[in-house]
Amino acid sequence: MTNHLSRRSFLKSASAAAAASLIIGFGPDKVLAASDGISEFTPFIRISSDGVVTAIIKHFECGQGAATGLATLIAEEMNMPLDQIEIEFAPADGTRYANLLFGSQGTGGSTSLANSFMQYRTAGAAAREMLITAAAEQWGISHETVSLDNGQLISGSNVLSIGDVAGNAAQLNVPAEPTLKDPSEFTVIGNPNTGRLDNAAKTTGTAQYAMDIHLDGQIAAVLLRSPRFGGTLVSMDDSAASEIPGFIRATEIPTGAGVVVYAQTTWAAFQARMAISAEWDFSNAENRSSDQIKSDLLAAVNSEPEHHAKGDRTATEEALNNATQIIEQEFFFPNLAHAPMEPLTCTIAPAENGVVLYDGCQSPAGGQAALSAVLQIPAENVEVNTLYAGGSFGRRSTATADYHVEAALAFALNGGHQPVKLVWSREDDLAGGYYRPAVAHKVRVGLDENGKISAWDHRTTSKSIFKGSPFEAFLVHNGVDHSSVEGITDTLYDLPGQFVGLTDDKTPITVSWWRSVGHSHTAFVMECMMDMAASAAEQDPIDYRLAHLTQGTSDQARLAEVLRIAAEKSDWGRNLQNDRARGIAVHKSFGTYVAEVVEISQDDSYVQIEKVTCAVDCGVPVNPDVIKAQIESGVGYGIGHAMRNEITLTDGEVDQFNFPDYEPLRINDIRAIETHIVPSTEPPSGIGEPGTPPASAALANAIAVLGMRVTHHPMNKNGVDFA
Amino acid sequence: MVTSLMINGHRQEIDVPDGTPLLWVIRDELKLTGTKFGCGVASCGACTVHIDGQPTRSCQTYIEDVSDAEITTIEGVESEVAGAVHQAWNELSVVQCGYCQSGQIMSAIGLLTENRTPSVEEIENYMWGNACRCATYQRIRAAIQRASEILEA
């Protein structure tokens, strides 16, 4: 990516469109099927007079491959090789660049391909038809004899570059319903060898991340925040900071949220912050320690649930009373930080009518709203310059737009006259909240005389992510935050007599969506319980699962298929040596079905993960290699955290300081991951998150074969030694 | 305090206090942003540069200690090994978010310069300190093997 398209340069290029370039769908008179609604007003393609096709990417790129994916859709419909497409991130514009599943501009919930699949293909097809029509008019022949291939318009011996006709094509009406290619003609979609479009930039150090922004006159800002969640600033003393070269000033945030420390450089800001002391009011803070928090959560799942999320409690109790066997188990999951490799950062710079936000921006809508509210300027005067994001896993978008608000405060408290770059350190990141909530579950499963499940009583407790957020109306119904119970209440298994109770935890610890959200713990519980039930029924874990997928629905059939493929590809039936074991788990999340078999070895009690065999059905596989990469990534993320990560508190203060006590997955932890993609013609579904949920469950189920059922995370603090 | 540094073959005068980590000089003073800040405590490897050819964590390297050294960042790395590593990284589409990859590549070049045919165990031992939160490890392993193949061809 060479130039980031600012909104201003975009408008400028739009006015010059007739002369030099074609912008599909831009402007009120050049819209894609305007009558169908705002989504089709969006400009996704730019063609320069020298024939360069640029895909405007409405989603951010945090590694999940969305930029490559969206460009693939355009390349396919324009009959171009993917590597001939340039990519640029879209400016903030909730009208043109909304996520069609959110109704506002943003990335999340593994929706990038799902919501863009038809939109970007339609844009590509419209461009193709307009270019063909323009060439046909130039040659004075019927458009039916003209074809577009590899950037060339061809009719018999006539050949034109698309750049030659782009100007004229831009004058044509945009076809409302261009003809999309038949999937049988796809050569780019589904091609496993296309590569990623960000390979070159990310292997040469030239990819620009928000952390890399250096504007003229820019200063650095770091925040001194309350060491306990919910604490407020009483006073601070910055006298020692003046000794730090480069230190500019320390300013109390009027809300009591903390102190902004300004310096000429990032390093000076970090140094100065260490020299500042502060007093805090912890009267409304989380002052408990993790042992207490854990026992409070476990107590909650052994008490009357606050909300009934599914089923009839009395009927389930009766079904349990009639069961031949009952399996009962508690589970616990700690808070987890996302810890993306690039610590949080963004820069706000003054502009003529407002400001520019430089950010690896997961939610331009959220960023605009936050800056608009703090700076008291209209949202449309907040220009967003989206850069590559160094990972996110959900962290770069929160319901409160936390770091955008901080950056806006830092910018405003400095007078608003110069660019201010907010930087979080790794220590800020691990202590900074917006964690995966800490969660407890208690499940009682009843089996009938044949070993089949006849009752399922499930209680869970965690802090609601969506209550109080702008998305509350969509995700909270009858007091139940769906993200707290997703993967349980909508299980695909036949579970007669299922009751699900939920109690909201009210801790001041901030929580947010963490890769796969509720599924990050519910899949573990469901799939461990299914394994325990299979074991109690003395049945093979895969046969047992299949025996609870008997309704003949497409959903169940797709889940069963990934189970069968994972079993076959992992050679499930073969005998293992005594020091080896394997476990399976399967889960649907974000519309995608994933089964994973984890094979482990044990040497002198140390467990080594030898191989993870995965089967995934995510609908039409748009970029098979990106799908494999996301499964590899999701497996690593799920397993790495389950093995050894937790955020804990002592008297309200986070114990983990930096990576040495939040040890990331390392290169030797998983020896091999193999992914098999189910061919499909269903619409594409999510891929960034669905690899995560089953991974730790499959690991636990493998460890259980060696004789230990681990139900509390992290596993290394609960009896499992890893090699 | 003015220090003279040799970075990517160019000598540069830098005016920063002693004790300033090389990482922040490279990033904030010289604006060579391919070298990344990930942890600041030498536990993630995102800041890896070569000092006299040796992969080194620049976040724990102080400016006053490297004035006589040849420093190479991702922007300046050029060698037969570097070419093979870049080719392999591209062929295998190793990157995801990409933020750690400058460091991964600088370490991989260090490994293959020392040992052109590393075993899997040698790869894992050498690369252990380079964290990747996207967990691209399987491809890093494979890309180092592929680069080795390219070098041996």
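Note that the structure is predicted; figures quoted are calculated from it, not measured.

## Details of the overall build of chain B
Here is step 1: Each helix and strand counted, chain B has five helices and five strands in total.
Here is step 2: In summary, chain B has a C-alpha radius of gyration of 15 Å against a globular reference of 15 Å for 153 residues, a match within 12%.
Here is step 3: Counting across all 153 residues of chain B, residues that qualify as buried make up 61%.
Here is step 4: Within chain B, counting contacts between residues at least 6 apart in sequence, those at least 24 apart form 58% of the total.
Here is step 5: Total accessible area on chain B is roughly 5400 Å²; 46% of this is exposed by carbon and sulfur atoms.
Here is step 6: In chain B, which carries 10 positive and 20 negative side-chain charges, the distance between the mean positions of the two groups comes to 10 Å.

## A look at the pairing of strand 3 (residues 48-51) of chain B
Residue and element names in this part refer to chain B.
Here is step 1: Residues Thr 48 and His 50 point to one face of strand 3 and Val 49 and Ile 51 to the other, with burial holding for every one of them.
Here is step 2: The sheet contact formed by strand 3 and strand 4 (residues 54-57) spans four bridges and is antiparallel. Paired with His 50 across the strands is Pro 55, a residue of strand 4.
Here is step 3: Hairpin remark: strand 3 followed by strand 4, antiparallel, with two residues in the connecting loop; positive phi at Asp 52, about 50 degrees.
Here is step 4: Note that strand 3 and strand 5 (residues 70-72) share two bridges and pair antiparallel. Residue pairing in the sheet places Ile 51 in a bridge with Ile 71 of strand 5.

## What about the packing of helix 15 (residues 519-536) of chain A against helix 19 (residues 693-705) of chain A?
Residues and elements named next belong to chain A.
Here is step 1: Where helix 15 contacts helix 19, the axes come no closer than 7 Å and their chain directions differ by 35 degrees. The two elements helix 15 and helix 19 meet at a crossing, and its hand is right-handed. Between helix 15, through His 519, Ala 523, Phe 524, Glu 527, Cys 528 and Asp 531, and helix 19, the contact on the second element is made entirely by Pro 693, Pro 694, Ser 696, Ala 697, Ala 700 and Asn 701.
Here is step 2: Of the residues that constitute the contact of helix 15 with helix 19, the class distribution is seven nonpolar, three polar and two charged.

## A closer look at the domain arrangement of chain B
Residues and elements named next belong to chain B.
Here is step 1: Domain assignment breaks chain B into domain 1 (2-72) and domain 2 (80-152).
Here is step 2: Taken over C-alpha atoms, the centre of domain 1 sits 22 Å from the centre of domain 2.
Here is step 3: On the side of domain 2, 13 residues touch domain 1, which itself brings 14 residues to the contact.
Here is step 4: Summed over both sides, the interface of domain 1 with domain 2 buries roughly 1000 Å², with 52% coming from carbon and sulfur.
Here is step 5: Counting across the domain 1 and domain 2 interface gives zero salt bridges.
Here is step 6: Linking domain 1 with domain 2 are five residue pairs in polar contact (both at pLDDT 80 or more).
Here is step 7: Only strand 3 and strand 4 provide two or more residues apiece to the side of domain 1 that touches domain 2.
Here is step 8: Tallied by class, the residues present in the side of domain 1 that touches domain 2 amount to five nonpolar, seven polar and two charged.

## Description of the sheet that holds strand 5 of chain B
Residues and elements named next belong to chain B.
Here is step 1: What the five strands build is an open sheet, ordered 2-1-5-3-4; its pairing is mixed. The two strands at the open ends of the sheet, each matched to only one other strand, are strand 2 (10-15) and strand 4. Each strand of the sheet is rotated relative to its neighbour by a mean of 40 degrees, with strand direction disregarded.
Here is step 2: Judged from the six bridges that link them, strand 1 (residues 2-7) and strand 2 form a sheet pairing that is antiparallel. Bridge pairing in strand 2 places Ile 7 opposite His 10.

## Considerations on the environment of Leu233(A)
Residue and element names in this part refer to chain A.
Here is step 1: Structurally, Leu 233 is set in strand 9 (residues 232-237).
Here is step 2: When the C-alpha atoms of Leu 233 and Thr 650 are compared, they prove to be 20 Å apart, with 417 residues separating the residues in sequence.
Here is step 3: Among residues more than four places away in sequence, those in contact with Leu 233 are Glu 252, Gly 256, Gly 258, Val 259, Ala 278, Glu 279 and Trp 280.

## A word on the confidence of the model for chain A
Here is step 1: Within chain A, residue pLDDT values average 93, and 94% of them lie at 70 or more.
Here is step 2: Confidence over residues 1-42 of chain A falls short of pLDDT 50; this stretch has 100 contacts with residues more than four positions distant or in other chains.

Definitions and cut-offs
- Residues numbered from 1 in each chain as written.
- Chains lettered and ligands numbered in written order.
- Predicted model: local features only at pLDDT ≥ 70, side-chain atom pairs only at ≥ 80, totals over all residues.
- Heavy atoms only, no water.
- Helix = DSSP H or I, 4+ residues; strand = E, 2+ residues; numbered from the N terminus.
- Rg over C-alpha atoms; globule rule 2.2 N^0.38 Å.
- Buried < 20%, exposed > 50% of the residue type's maximum accessible area, 1.4 Å probe, protein only.
- Contact = heavy atoms within 4.5 Å.
- Areas by Shrake-Rupley, 256 points an atom, 1.4 Å probe, with all protein chains shown as cover.
- Lys, Arg positive; Asp, Glu negative; His and termini not counted.
- Charge placed at Lys NZ, Arg CZ, Asp CG, Glu CD.
- Pairing = 2+ DSSP bridges.
- Axes fitted to C-alpha atoms, helices over the stretch in contact; angles between N-to-C directions.
- Left-handed = near helix turned anticlockwise from the far one by under 90°.
- Nonpolar A, V, L, I, M, F, W, Y, C, P; charged D, E, K, R; others polar.
- Domains from an automatic or database assignment.
- Buried area = accessible area lost by both parts, 1.4 Å probe.
- Salt bridge = Lys/Arg side-chain N within 4 Å of Asp/Glu carboxyl O.
- Polar contact = N/O pair within 3.5 Å; in protein donor to acceptor, adjacent residues only side chain to side chain.
- pLDDT = per-residue confidence, 0-100.

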